[in-house]
Amino acid sequence: MNLEKVIAGFFIILALTMNFGFFYGDPTVLEQHNRYELFAAIIVNLIATIYKLGDKTQLGAVLLATSLVADIQLIGAASIWALGEYVIGMNMEVVTAIISFSGGALLANITSVVLFTGDVLKSKR
């Protein structure tokens, strides 16, 4: 068993599940989406991105790209939240933008997990 692959897989799947935990709920009700869960999802996604930096294969490049997309989407969601909270005020448009950005990150994380799982299944023992 390759310990590095286990740790990388752990963070890739944890990033997906934390992102889903934040995304799940009514997209128009911000109270159903925890700001600390968004922060934790950002941190775990950044850790998963760091683990993907070491892979020099073509698949590794695609995995890194999906991780960077998820990072940008989640940081964008947090930025919109801060902008809505402290500058323009929270309204329905801001809330749906936050959840939409996290939904984009969720799709990137799903793609990452599917690619990672496919790579593990095709690799030889």
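Refer to the structure printed above.
On a predicted model such as this, the values are computed, not experimentally measured, just so you know.

Draft legend 1. The side chain of Asn45, seen in detail. Within the secondary structure, Asn45 sits in helix H2 (residues 35-52). A distance of 2.9 Å separates the side chain of Asn45 from the backbone oxygen of Ala41, its partner in a polar contact. Ignoring any residue separated from it by four or fewer positions in sequence, one finds Asn45 in contact with Ala15, Ser67, Ala70, Asp71, Leu74 and Asn109.

Draft legend 2. Fine view of the environment of Ile42. As for its placement among the helices and strands, Ile42 is situated in helix H2. Taking the C-alpha atoms as reference, Ile42 lies 6.5 Å from Asp71; in sequence the two are 29 residues apart.

Draft legend 3. Spotlight on helix H4 (residues 92-122). Look at H4: 45 Å from first C-alpha to last across 31 residues, which is about the 45 Å you get at 1.5 Å a residue. The N-cap of H4, judged by a side-chain oxygen 3.1 Å from the amide nitrogen of Glu93 a few residues on, is Asn91.

Draft legend 4. Looking closely at the side chain of Ser67. Within the secondary structure, Ser67 is located in helix H3 (residues 58-88). The residues contacting Ser67, other than those within four sequence positions of it, are Asn45, Ala48, Thr49 and Lys52.

Draft legend 5. Spatial organisation of the packing of aromatic side chains. For the coordinates displayed, the defined rule picks out 4 aromatic pairs. Seen in terms of ring centroids, Phe11 and Tyr51 are 5.6 Å apart; in terms of plane orientation they differ by 15 degrees. Their pairing is stacked. Of this pair, Phe11 sits in helix H1 (residues 3-23) while Tyr51 is found in helix H2, placing the two residues 40 residues apart along the sequence. Look at Phe11 and you get buried, because its relative accessible area is 17%. Exposure remark for Tyr51: the relative accessible area of 33% places this residue in the partly exposed category. Aromatic pair Phe22 and Trp81: ring centres 6.1 Å apart, planes at 40 degrees, arrangement tilted. Highlighted residues: Phe22 in helix H1 and Trp81 in helix H3, separated in sequence by 59 residues. You'll find Phe22 and Trp81 in the same group, each marked buried.

Conventions and cut-offs
- Residues numbered from 1 in each chain as written.
- Predicted model: local features only at pLDDT ≥ 70, side-chain atom pairs only at ≥ 80, totals over all residues.
- Heavy atoms only, no water.
- Helix = DSSP H or I, 4+ residues; strand = E, 2+ residues; numbered from the N terminus.
- Polar contact = N/O pair within 3.5 Å; in protein donor to acceptor, adjacent residues only side chain to side chain.
- Contact = heavy atoms within 4.5 Å.
- Expected span 1.5 Å × (residues − 1).
- Phe/Tyr/Trp six-rings, centres within 6.5 Å; stacked < 30°, edge-to-face > 60°.
- Buried < 20%, exposed > 50% of the residue type's maximum accessible area, 1.4 Å probe, protein only.

All we've got here are geometric facts, nothing functional implied.
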